[in-house]
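Residues per chain, in single letters:
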Amino acid sequence: AVRMHPFLSGQIQQEAKEEDGIKSCEGLSALLADHARHLRKLVAFTEKQSKLLKAQMRLKRTRQTQRKSKADRSNFPDHTVSDQPCDPDDRGRFEAILKDQPETVSEFWKERYEREAGKFWDLFYKRNENRFFKDRHYLQRMIQKYIKEAHSNCEGSAGPVLLEVGCGVGNTMFPLLQDNPKLLVYGIDVSQNAINLIQSRPEYKEYSERCQAWVCDIVKESFPSSIGAVDLATLIFVLSAIHPERIVEVLRKVRSQLRPGGKLMLRDYARYDLSQLRFGPGSKLGENLYVRQDGTRT
């Protein structure tokens, strides 16, 4: 038998140990790399969960705030009012935005939006019912002095009469009836669905002796014959939905229903409102006239 020199035998054993050490290091390196990969995935997952949790917390706080303010929301105007003139720098910037808004709506659709305005509002109320607008309790604070003046001019036990043009589903009518026990309110609206909804509300039955509502397109029709002279009239976000060329005609019709000394109260959008500046292509029908995605105009 061949015997290996002790020196060679020791060298081979040493090399074998080194190879085993290298393999162990390689295995450890692979293991560490695998752990690092899993750690990166864990970090990414944790970051994702953290963002989701933060978003859920923001949503929860938003809902809590909405629930907290829901009861009082109708006590404040649904659009901010300012009597301050527009800053000249802002005016120039706003005019540039309006100038860049293209009029891409065809004449066919412009005529249809005008001709079938009632139809589009019918679809609006069919979809939203009475959930879209909030009751405008804030109006009492804004117009109560005019109601008191009208009441002081009434004879005997009769109360003042208010005509609401564009009464919708009663968001103005019922709060005013609630706050003014002697007030009589007549309402008209272009939408049959809106009138059906207002007449189905329990308040309509409760105040049946002091309110009445009809379908009437004020642009194309005269007022119902049942409506006589009135002391007050309101146009709340109505004129903006009418073609500018017809607005003067509508105002004359409403004025003709007022008694001498009667008051016409208006509330509507103004030029440079954020809602106007946000309209994109396919919305502009003309100067200060736009169409929403649901076909209603403003």
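This text follows the structure it describes.
Worth saying up front: this structure is predicted, and the values here are computed from it rather than measured.

Trainee: Help me get a handle on the overall build of the protein, residues and values and all.
Mentor: Secondary structure assignment for the protein yields 10 helices and seven strands. Evaluated residue by residue, the protein yields a buried proportion of 35% over its 298 residues. When the accessible surface of the protein is split by element, carbon and sulfur atoms take 54% of a total near 19,600 Å².

Trainee: Before we move on, could you go through the packing of aromatic side chains and cite the residues and values that matter?
Mentor: For the structure on display, the rule yields nine aromatic pairs. Ring geometry for Phe108 versus Trp109: centroids 5.7 Å apart, planes at 85°, classification edge-to-face. With 5.6 Å between their ring centres and 40° between their planes, Trp109 and Tyr113 make a pair best called tilted. With Trp109 and Tyr113 both in helix H3 (residues 107-115) and four residues apart, the pair spans about one turn of that helix. According to the relative accessible area criterion, Tyr113 is buried, its value standing at 13%. Among the aromatic residues, ring-to-ring pairing joins Phe108, Trp109, Tyr113 and Phe120 into one connected group.

Trainee: Account for the packing of H3 against helix H4 (residues 117-128), with residues named and values stated.
Mentor: Contact geometry of H3 with H4 gives a least axis separation of 4 Å together with a crossing angle of 70°. Classified by the angle their axes make, H3 and H4 are roughly perpendicular. Residues Arg112, Tyr113, Glu114 and Arg115 of H3 form the contact with H4, whose participating residues are Ala117, Lys119 and Phe120.

Trainee: Help me get a handle on the pattern of salt bridges, residues and values and all.
Mentor: Counted according to the given criterion, the structure contains 17 salt bridges. For the salt bridge of Glu114 with Arg297, the shortest nitrogen-to-oxygen distance reads 2.7 Å. Of this pair, Glu114 sits in helix H3 while Arg297 sits in the segment after strand E7 (289-290); the two residues are 183 residues apart in sequence, bridging distant segments of the chain. The exposure class assigned to Glu114 is buried, which follows from its relative accessible area of 19%.

Trainee: Explain the packing of H4 against helix H7 (residues 192-200) residue by residue, including any values.
Mentor: At a minimum axis distance of 7 Å, the contact between H4 and H7 shows a crossing angle of 40°. Viewed along their axes, H4 and H7 adopt a mutual orientation that is oblique. Between H4 and H7, the contacting residues are Asp122, Tyr125 and Lys126 on the first element and Gln192, Asn193, Ala194 and Leu197 on the second.

Trainee: Describe unusual backbone geometry, naming the residues involved and giving the relevant values.
Mentor: One non-glycine residue, Phe237, lies in positive phi territory at about 50°. Mapped onto the fold, Phe237 is located in the loop between strand E4 (230-236) and helix H9 (244-257). Phi is positive for Asn288, close to 60°, though the residue is something other than glycine. For Asn288, the position within the fold is in the loop between strand E6 (284-286) and E7.

Cut-off values and rules
Residues numbered from 1 in each chain as written. Predicted model: local features only at pLDDT ≥ 70, side-chain atom pairs only at ≥ 80, totals over all residues. Heavy atoms only, no water. Helix = DSSP H or I, 4+ residues; strand = E, 2+ residues; numbered from the N terminus. Buried < 20%, exposed > 50% of the residue type's maximum accessible area, 1.4 Å probe, protein only. Areas by Shrake-Rupley, 256 points an atom, 1.4 Å probe, with all protein chains shown as cover. Phe/Tyr/Trp six-rings, centres within 6.5 Å; stacked < 30°, edge-to-face > 60°. Axes fitted to C-alpha atoms, helices over the stretch in contact; angles between N-to-C directions. Parallel < 35°, antiparallel > 145°, perpendicular 65-115°, else oblique. Contact = heavy atoms within 4.5 Å. Salt bridge = Lys/Arg side-chain N within 4 Å of Asp/Glu carboxyl O.

Note that all results are geometric; they support no functional claim without further evidence.
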